[in-house]
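# Inside the fold
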Amino acid sequence: MTTTRTVSFGLWVHYGQAYLVDDTDDNNGYANFADDHPDHPVGIIRVEDGAALLLTGTHTGTLGFSATVADQDPGADIDGYEDIVEISFRSEAGRFSLCEWGGEDVHEISELPSGPG
């Protein structure tokens, strides 16, 4: 049986951006992205060391956002989505946060069941 934990919140975006950040002490997340073209572009997400840049269709405003952490693969739930992207993301801390543009607010996401990796 798969155990899942979901957090939902209003996510403020500006310039259509938010950041998934590994919760290490030295990671400031949003400052890690260069202004040039991404090394690893994947649709609506750009991944760099310990952070992922999420691009939204909304330039400025609050979006409903949910993040689910599962202890095993829950399978794909693709109904009702316009764009789906899968990324590889290594976590040194085993914990993530979703940061609003410019670090205005931080939303904690459940710890990974398998820990760092």
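Notes on the structure in this doc start here. (Residues numbered from 1 in each chain as written. Predicted model: local features only at pLDDT ≥ 70, side-chain atom pairs only at ≥ 80, totals over all residues. Heavy atoms only, no water.)

## A few points about unusual backbone geometry
Heads up, the condition is: Helix and strand assignments follow DSSP, with helices taken as H or I runs no shorter than four residues and strands as E runs no shorter than two, numbered in order from the N terminus. We call a residue buried when its accessible area falls under 20% of the maximum for its residue type, exposed when it is over 50%, and partly exposed in between, using a 1.4 Å probe and counting protein chains only.
Positive phi outside glycine occurs at Tyr15, with the angle close to 55°. With respect to the helices, strands and loops of the structure, Tyr15 is situated in the loop between strand 1 (4–13) and strand 2 (17–22). Looking at Tyr15, the relative accessible area reads 47%, which means it is partly exposed.

## Some details on the pairing of strand 2
Formally: A strand pair is defined by DSSP finding two or more bridges across the two strands.
By the criterion of burial, strand 2 is predominantly enclosed, with five of the six residues buried. One ladder, built from five bridges, connects strand 2 with strand 5 (residues 51–55); its direction is antiparallel. Across the sheet, Gln17 pairs through a bridge with Leu55, a residue of strand 5. Pairing between strand 2 and strand 7 (residues 96–100): five bridges, direction antiparallel. Its bridge partner being in strand 7, Leu20 is matched across the sheet by Leu98.

## A look at the packing of aromatic side chains
The geometry of an aromatic ring pair is captured by two quantities: the separation of the ring centres and the angle between the planes. Operational definition: Classification of ring pairs rests on two measures: the distance between centres of Phe, Tyr or Trp rings, Trp counted by its six-membered ring, which must be within 6.5 Å, and the angle between planes, read as stacked under 30 degrees, edge-to-face over 60 and tilted in between.
Following the criterion strictly, the structure yields three aromatic pairs and no others. Aromatic side chains Phe89 and Phe96 sit 4.9 Å apart centroid to centroid with 65° between the ring planes, which places their arrangement in the edge-to-face category. The burial state of Phe89 is the same as that of Phe96; both residues are buried.

## What to know about the nonpolar core
The line we're drawing: Residues belong to a common nonpolar core when they are buried Ala, Val, Leu, Ile, Met, Phe, Trp, Tyr or Cys residues joined through side-chain atoms within 4.5 Å. Contacts are assigned to residue pairs with any non-hydrogen atoms lying within 4.5 Å of each other.
Within the largest apolar cluster, 15 residues are counted, with the highest numbers of intra-cluster contacts made by Leu11, Leu20, Ala52, Phe89, Leu98 and Ile109. Elements supplying a minimum of two residues to this core: strand 1, strand 2, strand 4 (45–48), strand 5, strand 6 (61–70) and strand 7. With three residues, strand 1 is the largest single contributor of residues to this core. Excluding anything up to four places from it in sequence, Leu11 contacts Ala18, Gly61, Thr62, Leu63, Phe65, Leu98, Glu100 and His107.

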